[in-house]
Amino acid sequence: MINTVVDGVFIGQFFGKDCIAALGLVTPIILFGNLIASLLSQGTLLLCSKYIGMADQRKLCEVFSTSCLFALIFSLPMILLCFTFTEQIADFFSGHHEIYSSHVANYLYGYWPMLCFLCFLMMFSGLMRLDNDFKRGILSSIFLAIANLVLDYVSVLFQGGMFGISLAGTGAGVLSFFILLPHFFKENALLRFSVKYW
């Protein structure tokens, strides 16, 4: 959600009222993506808490690894489907208004890849607390905001428009994901990712 706020500031300052209105039209789609990611995150968090309490390391890693696989299997076809029907989605949410529809579509083309990383970001940041790695989760959130600011500014400099602004947020999310990811491959981590648990 922080990306949307940062994007709104840059869009409002540099691209005008039509683009800021288009961002408002995209917000329900972003909120829906956050909802799906939050559901997966909370479900994984509850199951992992249960198995930490039971001191069942094998089941804990099995739930974590299965959740990661599910996030990947769910999000990749969803992204493909969304890319395929971007124009129709944009037209629907913009009320068939040609200018808004164009801006909405441009923003969505940059946003769709973020859906996959959003699932992992929300899940990983919640699980960091269970595994006593608070600092990495906080660092990732701070980095996400700063990277989005910098990348949005670069997008404005290179006249990336709505697509560039949205892609900047996706890029910041990807970089933030790679800050969180190494934790789950550490030897001393409670939650370890492994394909042997599938």
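What you are looking at is a predicted structure, and each value in this text was computed from that prediction instead of being measured.

Student: Outline the overall build of the protein chain, supporting the account with residue identities and numerical values.
Tutor: The secondary structure content of the protein chain amounts to eight helices and zero strands. Ordered by position in the sequence, the α and β elements of the protein chain form the string α-α-α-α-α-α-α-α. In summary, the protein chain has a C-alpha radius of gyration of 18 Å against a globular reference of 16 Å for 198 residues, a match within 12%. For the protein chain, the C-alpha atoms occupy an extent of roughly 55 × 30 × 20 Å along the three principal directions. Looking at the protein chain as a whole, 45% of its 198 residues qualify as buried. With the model as given, the accessible surface of the protein chain reaches about 10200 Å², and the carbon-plus-sulfur share is 71%. Here the protein chain contributes 10 positive and 11 negative side-chain charges, whose respective centroids are spaced 17 Å apart.

Student: Could you give an account of the layout of surface pockets, with specific residues and numbers?
Tutor: If a probe as big as a water molecule is rolled over the atoms, it shows which places are left empty. Empty space within the second largest pocket amounts to approximately 230 Å³. Lining the second largest pocket are 16 residues, and of these F32, G33, M78, C82 and L115 lie nearest its centre. At the level of elements, helix 2 (17-53), helix 3 (57-84), helix 4 (86-93) and helix 6 (114-130) are the ones that each hand at least two residues to the lining of the second largest pocket.

Student: Tell me about the nonpolar core, residues and numbers included.
Tutor: Counting residues in hydrophobic clusters, the biggest one holds 47 residues, and the most contacted among them are Y107, Y111, W112, F120, F124 and L127. Among the elements that take part in this core, helix 6 stands out by supplying 12 residues, more than any other. Among all residues touching F120, those that are not within four sequence positions of it are C68, A71, L72 and F177.

Student: Let's hear about unusual backbone geometry: which residues, and what values?
Tutor: A positive phi angle is found at H96, which is not glycine, with a value near 65 degrees. Relative to the elements of secondary structure, H96 occurs in the loop between helix 4 and helix 5 (98-111). Here H96 falls in the exposed class, since its relative accessible area comes to 61%.

Student: Residues and numbers for the packing of helix 1 (residues 2-14) against helix 7 (residues 134-157), please.
Tutor: Relative orientation of the contacting elements helix 1 and helix 7 amounts to 25 degrees, with a least axis distance of 10 Å. Put simply, helix 1 runs roughly parallel to helix 7. Remark: the crossing between helix 1 and helix 7 carries right-handed chirality. In this structure, helix 1 contributes I2, N3, V6, D7, F10 and F14 to the contact, and helix 7 contributes L144, A145, N148, L149, D152, Y153 and V156.

Student: Lay out the pattern of salt bridges with the relevant residues and their values.
Tutor: The final tally for this structure, using the stated rule, is three salt bridges. Note that K59 and E62 form a salt bridge whose closest N and O atoms lie 3.4 Å from each other. With K59 and E62 both in helix 3, this residue pair falls three residues apart, about one helical turn. Of the residues examined, K59 reaches a relative accessible area of 30% and is grouped as partly exposed. Classification of E62 by relative accessible area gives partly exposed; the value is 24%. Each member of the salt-bridge network shares a partner with another, and the members are D133, R136 and K186.

Student: Pulling in residues and values, what's your account of the packing of helix 1 against helix 2?
Tutor: Helix 2 packs onto helix 1 with a crossing angle of 165 degrees between their chain directions and a minimal axis gap of 9 Å. Considered as vectors, helix 1 and helix 2 are oriented roughly antiparallel to each other. Considering only the axes of helix 1 and helix 2, their crossing is right-handed. Of helix 2, the residues touching helix 1 (which contributes T4, D7, G8, I11 and G12) are C19, I20, L23 and I30. Classifying every residue of the contact of helix 1 with helix 2 gives five nonpolar, three polar and one charged.

Student: Can you explain the environment of V6? Please cite residues and give values.
Tutor: One can find V6 in helix 1. As for V6 and L149, which are separated by 143 residues in sequence, their C-alpha atoms are 6.6 Å apart.

The rules we used
Residues numbered from 1 in each chain as written. Predicted model: local features only at pLDDT ≥ 70, side-chain atom pairs only at ≥ 80, totals over all residues. Heavy atoms only, no water. Helix = DSSP H or I, 4+ residues; strand = E, 2+ residues; numbered from the N terminus. Rg over C-alpha atoms; globule rule 2.2 N^0.38 Å. Buried < 20%, exposed > 50% of the residue type's maximum accessible area, 1.4 Å probe, protein only. Areas by Shrake-Rupley, 256 points an atom, 1.4 Å probe, with all protein chains shown as cover. Lys, Arg positive; Asp, Glu negative; His and termini not counted. Charge placed at Lys NZ, Arg CZ, Asp CG, Glu CD. 1 Å grid on protein atoms, 1.4 Å probe; cavity = no way out; pocket = protein on both sides within 12 Å on 5 of 7 lines; lining within 4 Å. Points joined across faces, edges and corners; volume = space filled by probe spheres on them. Core = buried A, V, L, I, M, F, W, Y, C linked by side-chain atoms within 4.5 Å. Contact = heavy atoms within 4.5 Å. Axes fitted to C-alpha atoms, helices over the stretch in contact; angles between N-to-C directions. Parallel < 35°, antiparallel > 145°, perpendicular 65-115°, else oblique. Left-handed = near helix turned anticlockwise from the far one by under 90°. Salt bridge = Lys/Arg side-chain N within 4 Å of Asp/Glu carboxyl O. Nonpolar A, V, L, I, M, F, W, Y, C, P; charged D, E, K, R; others polar.

Interpretation in functional terms is not warranted from these geometric data alone.
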